[in-house]
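Take a look at the letters that make up each chain.
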Amino acid sequence: MSKLKTATLDTIRSKVLSYYPEAKTDLLQRAYLFAEEAHRGQLRSSGQPYMVHPTEVAQILADLHLDIPSVVTGLLHDTVEDTHATLEQIEKEFGKDIGELVDGVTKLSQITFKTSEEKQAENFRKMILAMAKDIRVILVKLADRLNNMRTLEHLSPLKQQTIAQETLDIYAPIANRLGISWIKLELEDLCLRYLHPDVYYKLAQKVTKTKREREKYTEEVVTILDERLKEYDIQAQVTGRAKHFYSIYKKMERRKVDYEQVFDVIAFRILVDNITECYKSLGVIHAAYKPVPGRFKDYIAMPKANAYQSLHTTVIGPHGERVEIQIRTHEMHQTAEGGIAAHWKYKEGKFDSRARENVEWVNRLLEWHKDLQDPNEFLETVKIDLFAEDVFVFTPRGEVKQLSHGATPLDFAYAVHTDVGNKCVGAKVNGKIVPLKHRLKSGDTVEIVTSPTQTPSKDWLKIVRSSRAKAKIRSFIKEQERERALKLGKEILEKTLRQFGASLSKLEKSGDLVRSGQDFNVRTEHELYVAIGYGRITTDDIIPLLVPKDVLEKKLEAGKSVEDASFLNRVFNVARKRSDTRTAITVANLHDVLIRFGKCCNPLPGDSIIGFITRGRGVTIHTANCTKALDNDQERRVDVQWNIRDKGQIKRHVKIRIISLDEPGVLAMMSHTISNCGVNISSANIRTTKDKKAIALFDVEVSDISQLQKLSSALESKKGVISVERVRS
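J.: Looking at this structure, how should I read the pairing of strand S20 (residues 652-661)?
T.: Regular strands place side chains that alternate from one sheet face to the opposite one. Of all 10 residues making up S20, 7 are buried, and the element is well covered by its neighbours. In terms of strand pairing, S20 meets strand S22 (residues 693-702) through 10 bridges, oriented antiparallel. Directly across from Val-654, in S22, lies its bridge partner Val-700. Bridge analysis of S20 against strand S23 (residues 721-727) gives 6 bridges, and the strand direction is antiparallel. Counterpart to Ile-659 in the pairing with S23 is Ser-723.

Written out as structure tokens, the structure is:
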């Protein structure tokens, strides 16, 4: 990774004037001096003055060719959060526009949430809403994250991995959605460096070793392509470059091959003056070299959601090598590199209409914000949409619907209308009846068959791919579960109160029921019934608040059965015990509770976790990012955490899949490496493939997530190992 020159106020000013000569840069100087004074005495983890960070963030924003308020926000973005400066001061000094931008970017650390995961998810939710209001907020946030990733080496390994994973999950896909490819690519490479350091440095070594040979081949192909195009009077700029590490890594993972077997590691680009010459160039290339079937994509006729336009083709080029070629106009290239930032009109001081259309997906986030109250579910829904590539299908009337890659007729039904999705019983694609799990392709015409008696089922969540469909199905199912819990909770409470001669209806009218619920953060009778129905609040908890103490004592003295006495003792907390201190999980406000681990995600100590009460089966523990956990009603959720004292003493089973070359000694090497890491192998299953690969599935016992990460790194560093991944059921 090459060292970057430290940014200065002069370099920022020069960059801004290079693309916006009329800019009034005195505001930049005022902001710089304000931030310098506010951050005086503060140091970064690297030991550098803190002011280095906002200055470099501002320079990245200038590299994106953004307006003065955005660059100024880059200089000021941490002042409200990390110094004594206030938002009122910012607005007074720099105006309301910049004040709102700084406010949108500032982390909401003052807000208290139930768990750290919820806090992170809620912060992201607020960021998305601020982004929907003014897209410049996310551009500043991206610049902030890019600079933090560039200086990540100064943090602890655990923080490095946490920040890198969040960047890969959220920020790189956002950069992609906004069409800013250079930020996306750099973020992905930096994430690979910290998430899989052994893979990253092994790849760097191999790429460096083949550099001279690769440069010679690139030069040869560029010359040949340039000459071919000139024969047809096409003036083109032809370039070739090695693909980024993360791109090569994903190819290796997808094809299950080692670096030496990835032949298309060089991408060639042809830039021409207009669209006609794009297609003409494509014809010239295909006439000269045999195209690889299924590897042609026309993103000019069907642009990506982020406005990216280009022709992509792969041909069998010189020396029989596969060659990937992108063909686009100079204007398309500007949009491909700068994305939405390429559409800023400085004289008018706004984004043009094309840019607003290109971030239509931001408007969808507002819809989800209304539908999804749980921050974690909102975060997961957004992540699904950020990663989605798109397919374009047609309604019977010829209207185009844009769906996620891998979408089904059920996704299409929900894209038409929620009611159409909820009542969908079948579909026709291109006139033929297909199952609901059928995968749609661009160009398909889809017709939905509905029934008034149909309702969504949980099984549908395994079929749909789009975040909208998942959100609507989950919402319907949770509402049904809530209704059942409400009815059950009311029946349980009514029956229990009757034993003490108390009337539920009278307690409702007097307001005592609502007042008792306030002790459990419950605001209405309905919420109380739901909590009891789910088991989040027990009758043991609520009865002492609703029945006079003398009535309880008399009932205890006159207990007619062992069951009565046992129940009343629990009410008085006589028989209640704390959870066994040897348990791996601590559950907030619940004792003597049965703990189960979700088989869908198999949590390990160190994983972020959430718990859900399951009536009759205790509390089920899921990882915080488990998609199946999101299907549960959040009213059943309880705060849980790992019991740190037990960390390392408890061994948990986890499956890992290792893909390697099928060579003598590889299996022995894997077993030896696993044993050397202090990990026991419970079972192993190995099979080979026709293309000389070995796929090994090991069931191992580890103490926590850090031991698993060390094991993965140790295996990834071994010769012949292609990939190592944790398997979730």
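J.: Help me understand the packing of aromatic side chains in this model?
T.: To describe a pair of aromatic rings, you give the distance between the ring centres and the angle between the ring planes. Following the criterion strictly, the structure yields 6 aromatic pairs and no others. With 5.0 Å between their ring centres and 85 degrees between their planes, Tyr-200 and Tyr-201 make a pair best called edge-to-face. Assessed through its relative accessible area of 5%, Tyr-200 is described here as buried. By relative accessible area, Tyr-201 is classed as partly exposed at 45%. Residues Tyr-246 and Tyr-249 carry aromatic rings whose centres are separated by 6.0 Å and whose planes lie at 50 degrees to one another, so their mutual orientation is tilted. Taken together, the residues span about one helical turn, with Tyr-246 and Tyr-249 both in helix H14 (residues 245-255) at a distance of 3 residues. We classify Tyr-246 as buried; its relative accessible area is 13%.

J.: What exactly am I supposed to notice about the confidence of the model for the chain here?
T.: Interpretation of the predicted coordinates at a detailed level should be avoided for regions scoring low in pLDDT. Looking at the chain, pLDDT values average 80 and 80% of them are 70 or higher. This model gives residues 108-116 a pLDDT under 50, and the stretch forms 13 contacts once residues within four places in sequence are excluded. Note that residues 345-349 has pLDDT below 50 and, in this model, 8 contacts with residues that lie over four places away or in other chains.

J.: Quick question: what am I supposed to make of the pattern of salt bridges here?
T.: Where charged atoms from two side chains of opposite charge approach closely, those side chains can pair. Scanning the entire structure with this criterion turns up 17 salt bridges. Residue Asp-63 pairs with Lys-15 through a salt bridge whose shortest N-O separation is 2.8 Å. Of the two residues, Asp-63 sits in helix H3 (residues 52-63) while Lys-15 sits in helix H1 (residues 9-19), which places them 48 residues apart along the sequence. Judged by relative accessible area, Asp-63 falls into the partly exposed class, the value being 32%. Residues joined by salt bridges that share partners form a network here, namely Asp-67, Asp-97 and Arg-136.

J.: Help me understand the sheet that holds S20 in this model?
T.: The pairing of strands in a sheet comes from backbone hydrogen bonds and takes either a parallel or an antiparallel form. Read across the open sheet, the 4 strands follow the order S21-S22-S20-S23; overall the sheet is antiparallel. Either end of the sheet is taken by a strand with one partner, and the two such strands are strand S21 (680-688) and S23. The mean angle between the axes of side-by-side strands here comes to 20 degrees, regardless of whether they run parallel or antiparallel. Here S21 runs beside S22; their pairing, made up of 8 bridges, is antiparallel. In the strand pairing of S22, Ile-681 is matched with Val-700. Strands in contact with helix H29 (residues 666-676) are S20, S21, S22 and S23; relative to S22, the strand with the most contacts, it is inclined by about 20 degrees.

The rules behind these values
Residues numbered from 1 in each chain as written. Predicted model: local features only at pLDDT ≥ 70, side-chain atom pairs only at ≥ 80, totals over all residues. Heavy atoms only, no water. Buried < 20%, exposed > 50% of the residue type's maximum accessible area, 1.4 Å probe, protein only. Helix = DSSP H or I, 4+ residues; strand = E, 2+ residues; numbered from the N terminus. Pairing = 2+ DSSP bridges. Phe/Tyr/Trp six-rings, centres within 6.5 Å; stacked < 30°, edge-to-face > 60°. pLDDT = per-residue confidence, 0-100. Contact = heavy atoms within 4.5 Å. Salt bridge = Lys/Arg side-chain N within 4 Å of Asp/Glu carboxyl O. Axes fitted to C-alpha atoms, helices over the stretch in contact; angles between N-to-C directions.

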